[in-house]
Each structure stands twice: as C-alpha cells, then as structure tokens.
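# Remarks on the overall topology
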Amino acid sequence: MHSNESSGTADDPSPAPAAGTATAVLPEVPDVTAVQPKAEAPDALGAKLEADRVSAWFGDHKVLERVSLTMEPGSVTALIGPSGCGKSTFLRILNRMHELVPSAALAGEVRLDGTDIYAPGQRVTETRRRIGMVFQKPNPFPAMSIDENVTAGLKLTGGRRRRDERQELVERCLTKAGLWREVKDRLSQPGSSLSGGQQQRLCIARSLAVQPDVLLMDEPCSALDPTSTRRIEETIAELRNEVTIVIVTHNMQQAARVSQYCAFFLAEEGSPGSVVEQADTETMFGSPSDPRTSDYIHGRFG
C-alpha cells in the first residue's frame, strides 16, 4: 500500500510514512546538433506513464520530493542529474521495485494509462510485466541458453507458447533487440557466453518477450564499450514506437541522442531529490529555463 502525500517540501519535510506503507513491494558538453526532434509517431504503441507528486523515503531519510512527470508513448524520456539525486530510486518506483527494500516508503501516485499501479487490487506481477526493467549491469540467467533467456519471463508471468510460437517469439525479440544475426546459429549456448554488449541486448530481448507497455533502463550503457553503446542506442531508437522508454543516463551526449524528453533531477544541500526542469530534449539542451540545468548539461558541476 502507499499513501497520498498532501504536503511537505524540502524546507519543511513531511515525516516518512511507516515503512510498511510501501511494502506492497524500489561530462562532456553535448553536441546540440545531434539532438533529435520530439517527433512522435501517430501510430505509436506503448502506454502513458505518469508520476504524480511522488515522494520516497528509506527509513527516516527522504530521497525524493513530490516528483511529477509524464512519460509519453512513442518517446524516450531521459532522466538526468548528478549521482545521489534520486533518479534510480524514481525509476524503481515506476515498476514497484522500490517496495522490495524493507525500510522503503512512498507517497503520491504512479498511473499507467490512468490506473494507479499502487492501488489496492493491482497485482505486482502484472505491473512488472507491463513495465519492464533493464539494469545497469547485464544480468542474463547464466545457467540458461540464449533462447531460454529470452523466454524466461513467460514462465514468471504464466505465459504459454507452442514450440513453433516460442521459436518465432525468440527470433522476433532478438531481432528487435538487434541481436538475432549475431546469435541465430548458437541459440543453445549459455547467455553468459556473450559479450557484455550482447548480454545487455539479450536482457532487452528478454524484457520484450512479455510484451511490456513501458521499458525502464537504468544506465544500460555505462559498462559498455562505444560500439556496444551505439548498438544499444540504435535499439532504443527502433523500439520507441512500440514501447514507452524511460532511461537514466549520466552521459549528456547520449541523452541528447536518444531522447525526445528530459527531466533534470537535483538534490541540493542535503535536501531530497526533485525535478528542477522538464522539457523536450531540444529545448532542454538548447535553451533551458533554469541556470542550474545549463550548468549541469555543460559540465560545470556534477
């Protein structure tokens, strides 16, 4: 369960809800010319994800302050900001992973196509099927083959496929993740036998197999070489009209390249993290309204 927060600011912080209230289960100067326009395909799939006055705590420590943000279908929303400002915590709140931490609590609402994912009766497993997650470090199941990794999520969500359907699903998801041509002749080999970049794309394919509406990515390229990073970015660009994407990144050039919208998080002087500014990416990188945004984007701090 969660509670709606009606008050509380960084200057007058509200007390944390009891930990149990959240246990339904937590620089380089960019090349502005590389910023993509915020064009949105009219036939884009995916779902609208909305955070409404979301605050979060670990025990008595408040880490997020009333964050409101809309993440639109057919687009990539980049969450940027220095380390420790709550970006990854916010990302985990979006698919109910925050509540896995025993001391975690939260307030506010997270709505998926208008329905609060923390409302009574909302199943955690269904929420995580619809809102998938790709982590910073690739985490394929080491004892499983490549094709078994792709379909692993189906077992967790109760999905059933005939053998021919399963093979078609594996090919389709690996193709969407930009990996099929590289692995099609060795699908029975362990997922751990792949390179780091390939493992990350395998994890993306695994997330896609359960047909999510939203895909969350927590610094998916931070441990990868430039070539692998480019391939992941190409995959993101190809997927955005099928699934709403939210990505945390510390790489300003990457945020400029892959996203259509940005939100700048900041936690100042021990205060909880909050959104300083949010806008389409072209505006954010070309003419931000807050000088702190400009300072961060151009590497003057962070």
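In what follows, the structure referred to is the one given above.
What comes next is a walk through the structure.

The rules behind each value
- Residues numbered from 1 in each chain as written.
- Predicted model: local features only at pLDDT ≥ 70, side-chain atom pairs only at ≥ 80, totals over all residues.
- Heavy atoms only, no water.
- Helix = DSSP H or I, 4+ residues; strand = E, 2+ residues; numbered from the N terminus.
- Buried < 20%, exposed > 50% of the residue type's maximum accessible area, 1.4 Å probe, protein only.
- Areas by Shrake-Rupley, 256 points an atom, 1.4 Å probe, with all protein chains shown as cover.
- Pairing = 2+ DSSP bridges.
- Axes fitted to C-alpha atoms, helices over the stretch in contact; angles between N-to-C directions.
- Phe/Tyr/Trp six-rings, centres within 6.5 Å; stacked < 30°, edge-to-face > 60°.
- Lys NZ or Arg CZ within 6 Å of the ring centre and 35° of its normal.
- Lys, Arg positive; Asp, Glu negative; His and termini not counted.
- Salt bridge = Lys/Arg side-chain N within 4 Å of Asp/Glu carboxyl O.
- Polar contact = N/O pair within 3.5 Å; in protein donor to acceptor, adjacent residues only side chain to side chain.
- Expected span 1.5 Å × (residues − 1).
- Arc of directions from axis to C-beta.
- Contact = heavy atoms within 4.5 Å.
- Right-handed = clockwise from strand over helix to strand, strands pointing away.

With that settled, the discussion passes to the overall build of the chain. Check the secondary structure of the chain and you find 10 helices and 10 strands. In the chain, which comprises 302 residues, the share counted as buried stands at 51%. Carbon together with sulfur atoms contributes 48% to the accessible area of the chain, which is approximately 13,300 Å² in total.

Judged by pairing direction, the sheet is mixed, and its six strands sit side by side in the order β6-β7-β8-β3-β9-β10 without closing on themselves. Strand pairing shows two members of the sheet lacking a second neighbour, β6 (131-134) and β10 (274-280), which therefore form its edges. With strand direction ignored, the average angle separating the axes of adjacent strands in the sheet is 20°. Direction of pairing for strand β9 (residues 261-266) relative to β10: antiparallel, over a ladder of six bridges. Looking at the pairing, A263 lines up with Q278 of β10.

With that settled, consider the packing of aromatic side chains. For any pair of aromatic rings, geometry is given as the distance between the ring centres together with the angle between the planes. Enumeration over the complete set of coordinates arrives at three aromatic pairs. Here a set of aromatic residues connected by ring pairs shows up, and it is made of F264, Y296 and F301. Positioned above the aromatic ring of F141 is the side chain of R206, whose terminal nitrogen or guanidinium carbon lies 4.5 Å from the ring centre.

Topologically, D116 is positioned in strand β5 (residues 115-116). It turns out D116 is buried and unbridged, and the closest side chain with the opposite charge, R111, is 7.0 Å from it. At a separation of 3.1 Å, a polar atom in the side chain of D116 contacts the main-chain amide nitrogen of Y118.

The periodicity of an α-helix, 3.6 residues per turn, causes residues three or four places apart in sequence to face the same way. Its 14 residues place the ends of helix α7 (residues 226-239) 20 Å apart at the C-alpha level, agreeing with the 20 Å of an ideal helix rising 1.5 Å per residue. All of the buried residues along α7 are S228, T229, I232, E233, T235, I236 and L239. Seen from one end, α7 has its buried residues packed into an arc of 155°, which puts them on one side. Exposed and oriented more than 90 degrees from the buried face of α7 are P226 and E238. Structurally, α7 contributes buried residues whose contacts are with β3 (76-80), α4 (163-176), α6 (196-208), β7 (214-218), β8 (244-248) and α8 (252-258).

Quick look at the sheet that holds strand β4 (residues 104-112) now. The strands that make up a sheet are held in pairs by hydrogen bonds between backbone atoms, and each pair lies either parallel or antiparallel. Reading across from one edge, β2-β1-β4-β5 is the order of the four strands in this open sheet, with antiparallel pairing throughout. In this open sheet, the two strands that pair with only one neighbour each are β2 (61-71) and β5.

What follows deals with the pairing of β6. With burial as the criterion, each face of β6 is covered, one bearing I131 and M133 and the other bearing G132 and V134. Pairing geometry for β6 and β7, over four bridges, is parallel. Among the inter-strand pairings, I131 is bridged to a residue of β7, identified as V214.

The buried fraction of β7 amounts to five of the five residues, a majority that puts the element mostly inside the structure. Going residue by residue along β7, you find V214, L216 and D218 tucked away on one face and L215 and M217 tucked away on the opposite face as well. Sheet topology note: the β7/β8 ladder contains five bridges and is parallel. Its bridge partner lying in β8, M217 is registered against I247. Once the chain exits β7 it traverses α7 before rejoining the sheet at β8, and the crossover so formed is right-handed.

Moving on: the pattern of salt bridges. The final tally for this structure, using the stated rule, is 21 salt bridges. Between R201 and E182 there is a salt bridge, with its nearest N and O atoms 2.8 Å apart. With R201 in helix α6 and E182 in helix α5 (residues 180-183), the pair connects residues that are 19 residues apart, well separated along the chain. Look at R201 and you get buried, because its relative accessible area is 2%. Each of the salt bridges in this network shares a partner with another, and the network as a whole consists of E50, D52, R53, E109 and R111.

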